[in-house]
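# Residue-level structure breakdown
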Amino acid sequence: MKKINDILMTKDPFEEILMGNEAVVRAMVETGTRVIASYPGSPTPEIAAAILSIPEDRRPFYFEFSVNEKVATEVAFGAALNGNLSCAFFKSVGLNVALDSFVQLSLMTITGGMVVVVGDDPGANSSQNEQDNRNVYQMARVAVLEPASPQEAYEYYKHAAALAKKEQTVVVLRLTTHVCHARQKIRFGARSKPVPYQTGFSRANGPYIALTTMALDMKRNAIQKLRRAGQYIQQTGLNREISSQNSRGKGIITSGLTFLSILDVLEVSLYRPDILKLGAVNPLDEERVLAFLKAHDEVLVLEELDDILELRVKALAYDHGLKTKLTGKTRDEDFVGEYTPDKTREKLAAVWPDLVIPSPALPALSLAVPPRPAQMCPGCGHRSAFFAIKKALEKEDVTVADIGCHTLGYMPPYEMGEILLCMGSSAGMASGLSLFNHQKRVVAFLGDSTFFHAGLPGLINTIFNRHNITLILMENGTTAMTGHQDHAGSVIPVENLLKGLGVESILSCDTYNQSKLTELVRTSLAVKGISVVIARHPCMLKFTRQKRKQPGFVQTHVDIDQDICTQTRDCVERFGCPTFTRKPDGTVFTHPDLCIGDGSCRQTCPEKAIVFGKEAK
Amino acid sequence: MKSFNIYIIGVGGQGIGLLSQALLRGIDHAGIPALAVDTHGLAQRGGIVVSQIRCGDRVHSPLIMSHSADLVLGMEVHEVARGASLALKKGGTLVFPDVSWQPLPVRLGRSPEITAEEVIQACTVLGAVSIKLELGTLPDARMQNMALLGSVSKNALIPGVSKQHYEAALDDLLSGDLLKKNRAVFDGFAA
Ligand SMILES: Cc1ncc(C[n+]2csc(CCOP(=O)(O)OP(=O)(O)O)c2C)c(N)n1
């Protein structure tokens, strides 16, 4: 078996099939990146998983899950001021959290160099939006490299690290979901010997205090650094042209995975426009773009999400009085979703109808396939919690969601958690909703990882301003949604923290004790001001995986005793564990592949028809 | 080589990741260039998981265009129906075990359950070849993926890739007892 940690730590050059996220870790090893910090979030958690596969004593760098993305950025920055090449990585919306610190970085002399890897999520595959973070990088004055494939993700990280070190600055590696998660065979280089950790911070390397007039001088410096980054980008050939014999005077400017979509469409096109593939999306290589514009009659800027490149290319053409016909986004849909090969083909056909060979329409299959929304797992403690909490609420009460597995409570059959913004926002929103609200009670949900990540300020505000809400802390002991990363709750018990904050009404129980939880929520709702219920149960996906690894493990399950069952269907329609399967005649069974035998469903059956299977006896 | 596209679909927890990696590595062992990508937003939460593999000298993006999959592998009946509707090309092949993990609307009684026969029937308009697998009893439901891999091998569904290549792929990916058990299921369906 080829173990991922051995692959990542290989000494000499080699070839291997890896995922984009894993390839980035190899680049970290090769470049001598010394300090890495992250907060989990798709599409980047496999970077952390690959790092953690290397046993700590063999790991050629320090790694931590920080409490949130802002802190991760600060930790990596601090370590880089000591002279260590450092990296922070996180998901798209993580940059919103990190932003206050992030925008300062280009003002600083980061002696060790720093790379920030941000995983954008076009198509919002696993995010609350599909924001295009390229909007931010111009404001932050950072150079941004954007790979199209795992091979390039590896190569571009190395470029980002080299540039960051050379200019003592921060460089962003912009990944997108299907670059992170693509797999291909990659040629890797040799691993460098780890250099010792540095502790050489000196304020003489600064200035590091961007106040009053200093802020402006530091900005001037940042502008120059970015210009020099542009020179590095030119010299290294990160922007390249793919020319064709048969372009008919047409050209396309693009970057990232969209580039590969274009290549696929052009495999079967009637002619082939030339392509300028930008490996660096900030700063824009103006010379290169100008030459490309001048060499073509018509140029299409084809970019996913926002029109960042398009507007700059158009401005450039205007400044130089070019007559090249420029096209970019023309319809609202051009701003929406991933530029898959399908979407790219459609766009290219709209711009140049003679380019793309229309494919014959296929007959649609006569199958109405029901949607499959994500679900809480079998045995999930959050399900028991929602089932129990619903009983304590009135129809008109307002429930506010937060981000995590428990967000799924908004779906039927629970339908709780009616509003969602972003991580840690529930207590603040609930406080606003509670103002002047004497008829409806307001309940906020919050996960334990999120509590530490961004939930605390909202909660403290609730206490400080004496808002009247009930907060339900969904404590499962892990960051479940993103793959079970450890969080601060393993060191700082949430209950201690709540007591320290002066919350007087703190009630808690295991969510499998459903009737008790209903009671606690009722009690809590009667309290004026802040009241907290800790709804506790370990993440059963994590727990079951651990249990399965133990010797002598026997998988248990529950059955429905068909002699007792009177088809109230509480199990399948109100408790809603995915294990319950409904036959066309209305009878209900448990699914042997899905049931984990936790038995949390048994108390939901008024007829007591759910019984443990024979293995449990 | 002409490009060949494989669309794999199922539900989180069914072992699509391992199946996809075994296929990708098998294709690589056969010396054929290949790319793959997983889409698994909220996969662990019982959502849909898709993995796509593209092989040949002239493939660029790992994402398959609609109705361009030569082979659709489904781990579950509703998902194979979804996969076939989105991805299956004319004259393509469909392989799936007769396994149903009902989606929420079915469990809530708001939508009828789709059967294997309905899928096979519907795909005849595309002239598709459908292979339905009878799984019998497996040591572990999470090894259903090996039954599919075995069937792909037995029916030589990926041009140029044969049993020894898949075996080498499994050797890359698994070890010890897990390798032995998975190999046993694979061998059973590959024979
Ligand atoms: C700013 C930001 N960072 C990361 C994420 C990704 N993310 C989604 S849910 C989640 C974890 C939630 O963990 P917890 O609050 O403990 O709830 P659980 O999933 O365990 O129920 C994370 C990190 C995000 N959506 N936003």
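This one's a predicted model, so the numbers in the text were calculated from it and none came from an experiment.

## Observations regarding the overall build of chain A
Check the secondary structure of chain A and you find 20 helices and 23 strands. With the C-alpha coordinates aligned to their principal axes, the bounding extent of chain A is approximately 80 × 70 × 60 Å. Long-range pairs, those at least 24 residues apart, make up 77% of the contacts in chain A with a sequence separation of at least 6. Summed over all atoms, the accessible surface of chain A reaches about 25200 Å², with 54% contributed by carbon and sulfur.

## Some points on the interface of chain B and chain A
Opposite the 69 residues of chain B that make contact, chain A presents 60 residues. Summing both sides of the interface, chain B and chain A together bury roughly 5500 Å²; the carbon and sulfur share of this comes to 59%. Looking only at chain B, the three residues that lose the most surface to chain A are B:Arg45, B:Met65 and B:Arg107, adding up to 16% of its buried area. Run the count over chain B and chain A and you get seven salt bridges. One salt bridge in this structure joins B:Arg54 and A:Asp264, with 2.8 Å as the shortest N-O distance. Elements that contribute at least two residues to the side of chain B that touches chain A include exactly helix 1 (16-29), strand 2 (34-39), strand 3 (48-55), helix 2 (77-87), strand 5 (88-97), helix 3 (104-107), helix 4 (116-123) and helix 6 (163-173) of chain B. Here the residues of the side of chain B that touches chain A sort into 32 nonpolar, 19 polar and 18 charged.

## Focus on the side chain of A:His382
Within the fold, A:His382 resides in helix 14 (residues 381-392). For A:His382, the contacting residues outside a window of four places in its chain are A:Met376, A:Cys405, A:His406, A:Met474 and A:Asn476.

## A word on the site of the ligand
Residue and element names in this part refer to chain A. The full set close to the ligand counts 26 residues, and Glu69, His382, Cys405, Ser449 and Thr450 are the nearest of them. In the model, an oxygen atom of the ligand is placed 2.9 Å from a nitrogen or oxygen of the Asp448 side chain. Between Thr450 and the ligand, the recorded distance is 2.5 Å, taken from a side-chain N or O atom to an oxygen atom. With the chains in place, 97% of the 580 Å² that the ligand exposes on its own is no longer accessible. Of all the secondary structure elements, the ones that give two or more residues to the shell around the ligand are helix 5 (94-102) and helix 16 (448-464). Tallying contributions element by element places helix 16 first for the shell around the ligand, with four residues. The residue makeup of the shell around the ligand, split by class, is nine nonpolar, 14 polar and three charged.

## Side note on empty space enclosed by the protein
All names here are of chain A. One pass over the structure, following the stated rule, counts nine cavities of 30 Å³ or more. Size it by volume and the largest cavity reaches roughly 110 Å³. Where the lining of the largest cavity is concerned, the elements lending two or more residues are helix 14 and helix 19 (540-548). Grouping the amino acids of the lining of the largest cavity by side-chain chemistry returns nine nonpolar, five polar and one charged. The calculated volume of the second largest cavity comes to roughly 90 Å³. If you go around the second largest cavity, you meet 13 residues; those closest to its centre are Cys565, Thr568, Arg569, Cys571 and Cys605. In terms of residue class, the lining of the second largest cavity is made up of seven nonpolar, three polar and three charged.

## A look at the sheet that holds strand 14 (residues 325-327) of chain A
Residue and element names in this part refer to chain A. Strand order in this open sheet of five strands is 9-11-10-13-14, and the pairing throughout is mixed. The sheet terminates laterally at strand 9 (240-242) and strand 14, the two strands that pair on one side only. This sheet shows a mean twist of 20° between the axes of neighbouring strands, independent of strand direction. In this structure, strand 13 (residues 298-302) lies alongside strand 14, joined through three bridges in parallel fashion. The partner of Val299 across the bridge, within strand 14, is Leu326. Against the sheet, helix 13 (residues 341-351) contacts strand 10 (250-255), strand 13 and strand 14, and its axis sits at roughly 155° relative to strand 13.

## Some points on helix 2 of chain B
Since the α-helix packs 3.6 residues into each turn, any two residues three or four apart lie on the same face. Residue and element names in this part refer to chain B. For helix 2, the buried fraction is high: nine of the 11 residues fall into the buried class. Considered for burial, the residues of helix 2 that qualify are Val77, His78, Glu79, Val80, Ala81, Arg82, Gly83, Ala84 and Ala87. Looking at the buried side of helix 2, the elements it contacts are strand 1 (4-11), strand 3, strand 4 (69-74), strand 5, helix 3 and helix 4.

## Structural notes on the nonpolar core
Membership of the largest hydrophobic core comes to 70 residues, with the highest contact counts inside it found for A:Met28 and A:Tyr157. Per-element tally for this core: the top contributor is helix 7 (residues 150-167) of chain A, with eight residues. Counting the residues that make up this core, at least three belong to each of domain 1 (4-236) and domain 2 (240-351) of chain A. Beyond its immediate stretch of four places on either side in the chain, A:Tyr157 contacts A:Val24, A:Ala27, A:Met28, A:Thr31, A:Thr33, A:Cys87, A:Val115, A:Val117, A:Glu152 and A:Leu173. Counting 45 residues, the second largest nonpolar core, distinct from the first, contains B:Leu19, B:Leu133, B:Ala147 and B:Leu148.

## What about the pairing of strand 5 of chain B?
Residue and element names in this part refer to chain B. Burial analysis of strand 5 places seven of its 10 residues in the buried class, the great majority of the element. Alignment of strand 4 against strand 5, held across four bridges, turns out to be parallel. When the sheet's bridge partners are listed, Leu71 is paired in strand 5 with Thr93. As judged from the five bridges shared by strand 5 and strand 6 (residues 129-133), these two strands associate in the parallel manner. Along strand 6, the bridge assignment pairs Leu94 with Ser130.

## Structural notes on the sheet that holds strand 2 (residues 35-38) of chain A
All names here are of chain A. Within the open sheet, the seven strands sit side by side as 3-2-4-5-7-6-12. Their pairing is mixed. The open sheet has two free edges, formed respectively by strand 3 (62-65) and strand 12 (280-282), since each of these has just one partner strand. The mean angle between the axes of side-by-side strands here comes to 20°, regardless of whether they run parallel or antiparallel. As paired strands, strand 6 (residues 143-145) and strand 12 are joined by two bridges and run antiparallel to one another. From the neighbouring strand, Val144 faces strand 12, where its bridge partner is Asn282.

## Quick look at the pairing of strand 8 (residues 182-188) of chain A
All names here are of chain A. Burial analysis of strand 8 places five of its seven residues in the buried class, the great majority of the element. Relative to strand 8, strand 1 (residues 14-19) runs antiparallel, the two sharing six bridges. Residue pairing across strands places Phe14 opposite Phe188, the latter belonging to strand 8.

## Looking at the domain arrangement of chain A
By domain assignment, chain A separates into domain 1 (4-236), domain 2 (240-351), domain 3 (381-538) and domain 4 (554-612). In this structure, domain 2 of chain A and domain 3 of chain A have C-alpha centres spaced 48 Å apart.

## Focus on the packing of helix 5 (residues 144-154) of chain B against helix 6 of chain B
Residue and element names in this part refer to chain B. Look at helix 5 against helix 6: their axes get within 9 Å of each other, and the N-to-C directions meet at 150°. With respect to helix 6, the axis of helix 5 lies roughly antiparallel. Helix 5 and helix 6 meet at a crossing whose hand is right-handed. Side by side, helix 5 and helix 6 meet where Met146, Leu149, Val152 and Ser153 of the first sit next to Lys163, Tyr166 and Leu170 of the second. Looking at the contact of helix 5 with helix 6 residue by residue, the class counts come to five nonpolar, one polar and one charged.

## Some remarks on the confidence of the model for chain B
Summary statistics for chain B give a mean pLDDT of 95 and a share of 98% for residues scoring 70 or more. Overall fold confidence for the complex sits at a pTM of 0.97, while the interface term, ipTM, reaches 0.97.

## A closer look at a nonpolar patch on the surface
All names here are of chain A. Residues Val268, Leu270 and Ile357 make up a contiguous nonpolar surface patch of about 270 Å² in total accessible area. Among the structural elements, Leu270 can be located in the loop between helix 10 (256-266) and strand 11 (274-278). Given a relative accessible area of 48%, Leu270 falls into the partly exposed group.

Definitions and limits used
- Residues numbered from 1 in each chain as written.
- Chains lettered and ligands numbered in written order.
- Predicted model: local features only at pLDDT ≥ 70, side-chain atom pairs only at ≥ 80, totals over all residues.
- Heavy atoms only, no water.
- Helix = DSSP H or I, 4+ residues; strand = E, 2+ residues; numbered from the N terminus.
- Contact = heavy atoms within 4.5 Å.
- Areas by Shrake-Rupley, 256 points an atom, 1.4 Å probe, with all protein chains shown as cover.
- Buried area = accessible area lost by both parts, 1.4 Å probe.
- Salt bridge = Lys/Arg side-chain N within 4 Å of Asp/Glu carboxyl O.
- Nonpolar A, V, L, I, M, F, W, Y, C, P; charged D, E, K, R; others polar.
- Near = heavy atom within 4 Å.
- Polar contact = N/O pair within 3.5 Å; in protein donor to acceptor, adjacent residues only side chain to side chain.
- 1 Å grid on protein atoms, 1.4 Å probe; cavity = no way out; pocket = protein on both sides within 12 Å on 5 of 7 lines; lining within 4 Å.
- Points joined across faces, edges and corners; volume = space filled by probe spheres on them.
- Pairing = 2+ DSSP bridges.
- Axes fitted to C-alpha atoms, helices over the stretch in contact; angles between N-to-C directions.
- Buried < 20%, exposed > 50% of the residue type's maximum accessible area, 1.4 Å probe, protein only.
- Core = buried A, V, L, I, M, F, W, Y, C linked by side-chain atoms within 4.5 Å.
- Domains from an automatic or database assignment.
- Parallel < 35°, antiparallel > 145°, perpendicular 65-115°, else oblique.
- Left-handed = near helix turned anticlockwise from the far one by under 90°.
- pLDDT = per-residue confidence, 0-100.
- Patch = residues over 30% accessible without salt bridge, like charges linked within 9 Å, V, L, I, M, F, W, Y side chains within 5 Å.

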